[in-house]
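Observations on the three-dimensional arrangement
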Amino acid sequence: MLTNEYVKRVYDQVQKRDGDQPEFLQAVYEVLDTLQPVIAKHPEYEANGVLERLVEPERVVKFRVAWVDDAGKVQVNRGYRVQFNSAIGPYKGGLRFHPTVNEGVIKFLGFEQILKNSLTTLPMGGGKGGSDFDPKGKSDAEVMRFCQAFMTELSRHIGQFTDVPAGDINVGAREIGYLFGQYKRIRDEYSGVLTGKGLEFGGSLARTEATGYGLCYYTAEALRVLKNDSFEGKTVVISGSGNVAIFATEKAQELGAKVVTASDSNGYVYDPDGIKLDIVKDIKLGHRGRIKEYAERVPGAEYHEGCAGVWTVPCDIALPCATQNEIDEASAEALVKNGCKVVCEGANMPSTPEAIAVYQKNGLLYGPAKAANAGGVAVSGLEMSQNSYRLSWTFEETDAKLKSIMESIVAESLAAAKEYGEEGDLMAGANIAGFVKVANAMVAQGIL
Ligand code: GLU
């Protein structure tokens, strides 16, 4: 609950201005709520207007993306880039191509990204972008033409020292390749302006795996520190079947867990013997198919229509890796009822506030997205370093750096939580630790 007068004033203002952006309000409320003890202890933040500046993006770019489909018809989509905060580095964050994308969704993602990037300890500000373009069912040539049209406008606003986009939902190696090619052509410049690039043109080893692997490193470390436990022998429910879910499944299996589910926007599969990841990879990475195919190919596996049902599968650990607000109060209650003790988030803001309240009431270990899924952007930061050095590190070197960053996020979060009287609270700790660094940089740089 908001009780601090300054925090309340700032939130009221956001509500007045952005009342039509529910996801953004949700993200802001959660952060402001947990920052109250910090604000109370540090009057300089109010004196410097840090919170009212933090919740207002430095810049929002919104543009038309016109392209021609395979049938020769003109299509028009909306493009966005929200340059939220550059206090500790160039704007950094992914691009999402999905029909649900609008300004409020990009703003919530950009806002989360500020604190997430800060937690990685690397010098990256917060930004996010995307379009309501839906690559599903589009040909490669259509995706290429869309990406070229999108980058034609975006290229005016980004640069290796200004703003460095990457992937997010539906933006992977293929899209980043087309986007990079178009930037290079327009600007006549070969630079690390995007991350998640192909290995042949400046990409980093372990970037593809980073968010999923990082999620498991984070979860394993939190389990070790808070519960003296591990993944060994645990049953894990994972939603999604994109990049994050696939590599979370791979690492969880490697760490001794049995992952029993995968899902997409149509439904989920349950495999009591444990998900055969080579089949999921073949379906999703091989030919962009639907997860339903898994049950057709694997005897003993079941397919269920609708993705919310995945949370009714009994498990010890749940790793939501699909999208925002995928776990509501009822799903959280179903998880608890079936014995789930840990929820760590691979997707961005996958739990509604009511679901988080259920985790807290029942004493679950809850690892919030901006900490638990920071591995992706962390390796993006490492990709930027490698591009600047003009060299590339080995997989093992990069993976080891990722692991140590994820472990340090757990430690930083717990230390911050303890300092402000919220011992053991990974959510408050992540918000506080991420915020303090950005806030101090904002104060030091003056009113901007
Ligand atoms: N989209 C990812 C995220 O939510 C990665 C962003 C990046 O690598 O810049 O953090």
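Residues numbered from 1 in each chain as written. Predicted model: local features only at pLDDT ≥ 70, side-chain atom pairs only at ≥ 80, totals over all residues. Heavy atoms only, no water.

Around the ligand, the structure places 14 residues, and the nearest of them are Lys-92, Lys-116, Gly-167, Asp-168 and Ser-380. The contact in question runs from an oxygen atom of the ligand to an N or O atom on the side chain of Lys-92, over 2.7 Å. Separating an oxygen atom of the ligand from a side-chain N or O atom of Lys-116 is a distance of 2.8 Å. In isolation the ligand has 290 Å² of accessible area, and contact with the protein removes 94% of it. Secondary structure elements with two or more residues in the shell around the ligand: β3 (91-97), α5 (103-119), β5 (163-167) and α15 (375-389). When its residues are assigned to classes, the shell around the ligand shows two nonpolar, seven polar and five charged. (Near = heavy atom within 4 Å. Polar contact = N/O pair within 3.5 Å; in protein donor to acceptor, adjacent residues only side chain to side chain. Areas by Shrake-Rupley, 256 points an atom, 1.4 Å probe, with all protein chains shown as cover. Helix = DSSP H or I, 4+ residues; strand = E, 2+ residues; numbered from the N terminus. Nonpolar A, V, L, I, M, F, W, Y, C, P; charged D, E, K, R; others polar.)

Let us look at the environment of Asn-102. By the element assignment, Asn-102 lies in the loop between β3 and α5. Of the residues examined, Asn-102 reaches a relative accessible area of 33% and is grouped as partly exposed. Separated by 23 residues in the primary sequence, Asn-102 and Gly-79 place their C-alpha atoms 8.9 Å from one another. Among the polar contacts made by the side chain of Asn-102, one reaches the main-chain amide nitrogen of Val-105 at a distance of 2.9 Å. (Buried < 20%, exposed > 50% of the residue type's maximum accessible area, 1.4 Å probe, protein only.)

Our focus in this paragraph is the nonpolar core. The tendency in soluble globular proteins is for nonpolar side chains to be buried side by side. Grouped together as the largest cluster of nonpolar side chains are 101 residues, with contacts concentrated most on Leu-51, Phe-111, Tyr-218, Tyr-294, Leu-319 and Phe-435. When near neighbours in sequence (up to four residues on either side) are disregarded, Leu-51 contacts Tyr-6, Val-7, Val-10, Leu-32, Leu-35, Ile-39 and Phe-435. Val-61, Trp-67, Ile-158 and Phe-180 belong to the second largest nonpolar core, which has 22 residues in total. (Core = buried A, V, L, I, M, F, W, Y, C linked by side-chain atoms within 4.5 Å. Contact = heavy atoms within 4.5 Å.)

This paragraph deals with the packing of helix α16 (residues 395-419) against helix α17 (residues 426-444). One can describe the packing of α16 onto α17 by two numbers: an axis separation of 7 Å at closest approach and a directional angle of 95°. Taken as axis vectors, α16 and α17 run roughly perpendicular relative to one another. Touching Val-410, Glu-412, Ser-413, Leu-414, Ala-416 and Ala-417 of α16 are Leu-426, Gly-429, Ala-430, Ile-432 and Ala-433, all from α17. Looking at side-chain class alone, the contact of α16 with α17 contains eight nonpolar, two polar and one charged residues. (Axes fitted to C-alpha atoms, helices over the stretch in contact; angles between N-to-C directions. Parallel < 35°, antiparallel > 145°, perpendicular 65-115°, else oblique.)

Of all the residues in helix α13 (residues 353-361), the buried ones are Ala-355, Ile-356, Val-358 and Tyr-359. Summarising the axial view, the buried residues of α13 lie within an arc of 155°, below the 170-degree limit, and thus occupy one face. Phi turns positive one or two residues past the end of α13, at Gly-363, with a value near 65°. (Arc of directions from axis to C-beta.)

An ideal rise of 1.5 Å per residue puts 30 Å on 21 residues; helix α8 (residues 207-227) measures up with 29 Å between its terminal C-alpha atoms. Of all the bends in α8, the greatest, near 30°, is centred on Tyr-213. Burial of α8 is extensive: 15 of the 21 residues sit out of reach of the surface. Of the residues trailing α8, Asn-228 is marked for its positive phi of about 50°. (Expected span 1.5 Å × (residues − 1). Bend = angle between axes of the 7 residues up to and from the residue.)

Right, let's get into the pairing of strand β9 (residues 267-270). Strand direction decides the pairing type here: strand β8 (residues 261-263) and β9, joined by three bridges, are antiparallel. Bridge assignment links Ser-263 to a residue of β9, and that residue is Tyr-268. Between β8 and β9, which pair antiparallel one after the other, the connecting turn spans three residues. The pairing of β9 with strand β10 (residues 302-305) spans four bridges and is classified as antiparallel. Bridge assignment links Gly-267 to a residue of β10, and that residue is Glu-305. (Pairing = 2+ DSSP bridges.)

This part covers the sheet that holds strand β7 (residues 258-259). In spatial order, the strands read β7-β6-β11-β12-β13; together these five strands make up an open sheet with parallel pairing. Every interior strand has two partners, whereas the edge strands, β7 and β13 (365-367), have only one. Pairing between strand β6 (residues 235-238) and β7: two bridges, direction parallel. Note that in β7 the partner of Thr-235 across the bridge is Lys-258.

Before going further, it helps to spend a moment on the sheet that holds β10. Spatial strand order, β8-β9-β10: three strands in an open sheet with antiparallel pairing. Only two strands of the sheet have a single neighbouring strand rather than two, namely β8 and β10. This sheet shows a mean twist of 20° between the axes of neighbouring strands, independent of strand direction.

So, about the packing of aromatic side chains. On inspection of all chains with the given rule, the structure shows 19 aromatic pairs. A centroid spacing of 5.2 Å and a plane angle of 70° characterise the contact between Phe-180 and Tyr-190, whose relative ring orientation is edge-to-face. In this pair, Phe-180 sits in helix α7 (residues 173-187) while Tyr-190 sits in the loop between α7 and α8, placing the two residues 10 residues apart along the sequence. Judged by its relative accessible area of 3%, Phe-180 is buried. Among the aromatic residues, those joined into a ring-pair cluster are Phe-63, Trp-67, Phe-97, Phe-133, Phe-146 and Phe-150. In this structure, Lys-251 is placed above the aromatic ring of Tyr-213, and the distance from its NZ or CZ to the ring centre is 4.4 Å. Directly above the ring of Trp-393 sits Lys-401, whose terminal nitrogen or CZ lies 4.5 Å from the centroid. (Phe/Tyr/Trp six-rings, centres within 6.5 Å; stacked < 30°, edge-to-face > 60°. Lys NZ or Arg CZ within 6 Å of the ring centre and 35° of its normal.)

Note that all results are geometric; they support no functional claim without further evidence.
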